[in-house]
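# Tertiary structure, described
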Amino acid sequence: MRKIYLTTLCAIAGFSAQAQTFTEITGTPFDDLVTSSIAFADVDNDGDQDVLITGHNGTAPISKLYTNDGSGNFTEVVGTPFEHVYLSSIAFADVDNDGDQDVLITGHNGTAPISKLYTNDGSGNFTEVVTPFDGVAYSSIAFADVDNDGNQDVLITGQNNSYQFVSKLYTNDGSGVFTEELGTPFDGVGESSIAFADVDNDGDQDVLITGSDNSSNPISKLYTNASCALQPQVNLGLDTAICAGTTLTLTAQNTGATYLWSDNSTADTLVVASAGTYSVVRTLSNGCISKDTIVVTVNALPVVNLGLDTAICAGATLTLDAQNAGSTFTWSDNSTAQTLAVTTANTYSIIVEDVNGCIGKDTVEVSINTLPVVNLGLDTAICAGATLTLNAQNAGSTFLWSDNSTAQTLAVTTANTYSVIVEDANGCIGKDTVEVSINTLPAVNLGLDTAICAGNTVTLNAGNAGATFTWSDNSTAQTLAVTTANTYSVIVEDAGGCKGYDTITVAVNALPVVNLGSNITTCSSTFSTVLDAQNAGSTYLWNDGSTNQTLTVSGFGTYSVVVTNANNCSATGTITVSAGSGALTTGNIQATLVSGCTFDFSVANSSSIENFTWNFGTENVQGANVTYTFEDGGSKQVIVYMTNACGSTSKSIVVSCDNTGLDELGNIAFNLYPNPTASTLTVENNGSVVMQQISILNNVGQVVYVVSPNNTTAQLNVSEFANGFYILQIHTEKGIVVKKIEVMK
C-alpha cells in the first residue's frame, strides 16, 4: 500500500527557518508501484486536490484515479478509461479551454509505448480523444503556451515504438486539437525531464530539456523562444464605455517601440473623451508589428432627485428613493439600498452609480416634529401558557394595536410581533413594536417501556443538555443508569424555568442457564460425545460456527457455546475435552534445512508416543529426531508414523531444496510467526545470510506467491489462500531455506 506523509513546522535552534516534519498517513488505498508517475489536480471541481497515479505494481502496469474528500481521504474512481502504463509521465492542463483539468498520459502499456489525451467533463469523467502524439515511454510531458495564443501547447519526450528517443512539440488550436510543429531544434531524449520558463524575460516560454540522447549521452539543453508570434501583443483591452464628462487613457506602451494611432498621433498613450473607434499600430525594435482596436462609447449620468426639503413626526419614517433601479447606491450613512428610511433630523445625501459606472448625486434636508414616547420594552419571551401585559402608556391618547384593539394595554399569550400606534392631542403619532416569543416546554422522552437482560445496564437520557433534572431517585444528572426493574420518572427544568416530564417502566429478563457438564478426560482417540446447550427455542452459536442446540465432538479441545433466548439475553457455556495420561498427542512436523538438501526433522508438542517411523520415500528411519539428506533437489514428501499402546497417528510435510551452493550456507536463523496464520505471515532474518526472494508453493509444487523482501523482515499477505499447508522457500545468496507454513482461518 502507498504511504502519504503530512508535514508540520518545527523550530530548529539557531536558525530562523523552520524544518518540515513528516507524518505517515496509513491506510491509504494507493497501490505500491515502481517506474511510476504522479499528478495532482482538482478533476471534479470540488476545490480538493485529487490524484492520478501510474506505474508497475510488480504484476502489471496500472493507471488509477483517486478523488479527495477535502480531508486527505482518497477513494479510487473505478471504471476510468485510462490505459495502464509504467515508465510513464502524467500532466494535467485545460487543453480545450472549458475550465476543467484534462490529462495527457504517456508510458508503456506492457506491449507498446503510448501517448493518450483524455478530456474532462468537469465532474471527473474522462473521454479519450484522437491526437497526433507519438507513443513514448521513459517519457516526460510539459504544457505551456509557447505561441502566446492563450492555449496550452505541449512538448513530449521519450522512447517511441522504434526505440528512438524523440522530442516533439505540438501546438493547440484552443479546442484541444494539436498539430506537430516540424523543424524544431530539440534533441530527441529519453529518461528525460522538461521545464518551461521565461528565462530571458522577453515574455515567452523558453524550455530546458534533460535526458539521454540517441547515442546514450546525458544532455541538458536550454532553448530560447523568439519569434514575432511569440512577442507580447499590443492590447488596448475590451471595447468599453466612459461616463459623460470623463476621459479614458488608452495605453500601448512597450519599451523601445513606435506607435501610430488612428488620429495619427505617435505617443504611447491616447486620451479620449468622446465616443468612437480607436486603433493603434505598434512596431517593436525587432520589427515585429501588432495592432489592436477598441470601441469607446459615452454613457449619460444617472438623474437623481430626492425631492424638496421636508419634515416628519418623530418616530415616523420617510423613505427617500434614489430611483435608478439596478444601480449601486451610497447614502450619507453608508447604507447601499436604493431607498433610505429616515426617522431623525439630518441632511441626507446619495451617490448613485449606474451599471456603466456613471455617477449622479442629490441632497435633501429632513426635520423632525416631537412625537409621544412609546416604549413597549425589549423583545422578550414567555413560557407556553403564561400571559404578558403590554402597556403603551401616554394616558389620554388614542391607541391602535396590531390586533385593532384600542385600549392602553394588551394581554398576549401567543408568539408574535406586537405593535401600537399612539396619537397624541397634537396629531403626532408614536409607535413601538415588541417581539414576543414563546418558549416551549422541554420535550422529555425516555422512550417506550423496555426490558433489559439481568446484569445489563440501560441508560435513561432526559435530553435537554444544560437544563436541571430531578429523577424519581432524587439524582440530578441528565442521565440515569438503570439495572433493576422499576418505574422511573424525571422532571426537566430549562433555563427559562419551563418544565417537562416523562416516565418509563423498566423490566429485567433472566439470562438463560447454560451447563455443558463437567470437563471430560479420556485416553481414547476415537471417543465421541454430544454436548447439549439446553434452553430449547433459543438460538445457539458454537465455537465452530454451528448453530444447533447440540454439538457432537470427537476430538480434544475446549468447546463453547453462546445461547441467546427469546428475550435476546445471552449466556455462555464451556467444556474442555482433554487426553488422559495414555492418550497420544502431537503437533506438526518441524523441518529445518541444515545445508544443501540435508534437513533436521522432529514433531512439535508430541507426548505419550512410543515409536516414531519416518518415511522418506525410498527408506524408513526410526527416532523422534532424525537428520536426513536427499540425494537430489526438488519437492519431497516426508511422512512420520507415531504409535503407542493406545493407538497410532501420522503427520506429513513437503519440503523443497536446491543442492546448488547450499554447502556454503552459513548461520541461518529465520523466525516465522504466527504459524499457523489467517492473514499475514512475518518472516524475520536473524542470521548472517541475505534474503533475496521469498516464494510460496502449494501442495502440488506450484509457485503461488513471490515477493522480493528487504533483508531483515518481510510481511506476506496470505489472506486469499485456502486453508492448508504450504512450502515457504527463502532464497539467499548461499542457497534456499525451506519452511512449512499453515493457513488456518
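Rules used throughout
Residues numbered from 1 in each chain as written. Predicted model: local features only at pLDDT ≥ 70, side-chain atom pairs only at ≥ 80, totals over all residues. Heavy atoms only, no water. Helix = DSSP H or I, 4+ residues; strand = E, 2+ residues; numbered from the N terminus. Rg over C-alpha atoms; globule rule 2.2 N^0.38 Å. Contact = heavy atoms within 4.5 Å. Lys, Arg positive; Asp, Glu negative; His and termini not counted. Charge placed at Lys NZ, Arg CZ, Asp CG, Glu CD. Salt bridge = Lys/Arg side-chain N within 4 Å of Asp/Glu carboxyl O. Buried < 20%, exposed > 50% of the residue type's maximum accessible area, 1.4 Å probe, protein only. Disulfide = S-S within 2.5 Å. Polar contact = N/O pair within 3.5 Å; in protein donor to acceptor, adjacent residues only side chain to side chain. Pairing = 2+ DSSP bridges. Axes fitted to C-alpha atoms, helices over the stretch in contact; angles between N-to-C directions.

## A word on the overall build of the protein
Regarding its fold elements, the protein presents zero helices and 61 strands. Radius of gyration (C-alpha) of the protein: 44 Å, far over the 27 Å computed for a compact globule of 745 residues. Taking contacts inside the protein between residues at least 6 apart in sequence as the whole, the part at least 24 apart equals 46%. Side chains of the protein carry 17 positive and 70 negative charges; the gap between the two charge centres is 13 Å.

## Examining the pattern of salt bridges
For the coordinates displayed, the defined rule picks out seven salt bridges. Ionic pairing is found between Lys64 and Glu76, a salt bridge with its closest N-O pair at 3.9 Å. Of the two residues, Lys64 sits in strand E5 (residues 61-68) while Glu76 sits in strand E6 (residues 74-77), which places them 12 residues apart along the sequence. Lys64 sits in the buried class, given a relative accessible area of 17%. Asp187 is the salt-bridge partner of Lys221, the closest N and O atoms lying 2.6 Å from each other. Highlighted residues: Lys221 in strand E17 (residues 218-223) and Asp187 in the loop between strand E14 (178-181) and strand E15 (190-197), separated in sequence by 34 residues. Several salt bridges converge on common partners, so that one network encompasses Asp31, Lys64 and Glu76.

## Considering the state of the cysteines
Counting across every chain of the model gives three disulfides. Note that Cys383 is cross-linked by a disulfide to Cys498, the S-S spacing being 2.0 Å. Here the disulfide of Cys383 and Cys498 is left-handed, its torsion about the S-S bond being about -120 degrees. Within this pair, whereas Cys383 is found in strand E30 (residues 380-383), its partner Cys498 is found in the loop between strand E40 (486-493) and strand E41 (499-509), the two being separated by 115 residues in sequence. Relative accessible area serves as the criterion here: at 2%, Cys498 is assigned to the buried category. For Cys453, the disulfide goes to Cys569, at an S-S distance of 1.9 Å. Its torsion about the S-S bond being -95 degrees, the disulfide of Cys453 and Cys569 is classed as left-handed. Residue Cys453 is found in strand E36 (residues 450-453), and its partner Cys569 is found in the loop between strand E46 (557-564) and strand E47 (570-579); the two are separated by 116 residues along the sequence.

## Remarks on the environment of Gly634
Mapping Gly634 onto the fold places it in strand E53 (residues 634-644). Aside from chain neighbours lying at most four places away, what touches Gly634 is Val655, Ser656 and Cys657.

## A look at the side chain of Asp102
With respect to the secondary-structure elements, Asp102 resides in strand E8 (residues 102-108). The side chain of Asp102 sits in the buried core without any salt bridge; Lys116 is the nearest counter-charge, 17 Å away. Within the structure, the side chain of Asp102 is placed 2.7 Å from the backbone nitrogen of Asn120, a separation counted as a polar contact. Non-local contacts of Asp102, meaning those with residues more than four positions away in its chain, are made with Ala91, Phe92, Ala93, Asp94, Val95, Asp96, Tyr118, Thr119, Asn120 and Phe126.

## Things to note about the sheet that holds E15
Hydrogen bonding along the main chain pairs the strands of a sheet, whether they run parallel or antiparallel. Pairing is antiparallel across the open sheet formed by three strands, whose spatial order is E15-E16-E17. Strands at the two margins of the open sheet, each flanked by one partner only, are E15 and E17. Taken over all neighbouring pairs, the strand axes of this sheet differ in orientation by 10 degrees on average, direction set aside. Note: strand E16 (residues 206-212) against E17, six bridges, orientation antiparallel. Along E17, the bridge assignment pairs Val207 with Tyr223.

## Quick notes on the pairing of strand E55 (residues 670-673)
Residues Phe670 and Leu672 point to one face of E55 and are all buried, whereas Asn671 and Tyr673, pointing to the other face, are not buried. Looking at chain direction, E55 and strand E56 (residues 680-685) are connected through four bridges and run antiparallel. Bridging across to E56, Asn671 finds its partner in Glu684. Count of turn residues in the E55/E56 antiparallel hairpin: six residues.

## Quick look at unusual backbone geometry
In the segment running from Tyr673 into Pro674, the intervening peptide bond is cis, with an omega of -15 degrees. Tracing the backbone shows Pro674 in the loop between E55 and E56. Note the cis peptide between Asn675 and Pro676, where omega equals 10 degrees. Inspection of the secondary structure assignment puts Pro676 in the loop between E55 and E56. Of note in this structure, Tyr163 is not a glycine but carries a positive phi near 60 degrees.

## Some thoughts on the pairing of E6
Pairing of E5 with E6, which is carried by four bridges, proceeds in the antiparallel orientation. Among the inter-strand pairings, Leu65 is bridged to a residue of E6, identified as Val77. The antiparallel pairing of E5 with E6 creates a hairpin that spans five residues between the two strands, and Gly70 there sits at a positive phi of about 100 degrees.

## Quick look at the environment of Pro709
Tracing the backbone shows Pro709 in the loop between strand E58 (703-707) and strand E59 (713-717). A relative accessible area of 17% places Pro709 in the buried class.

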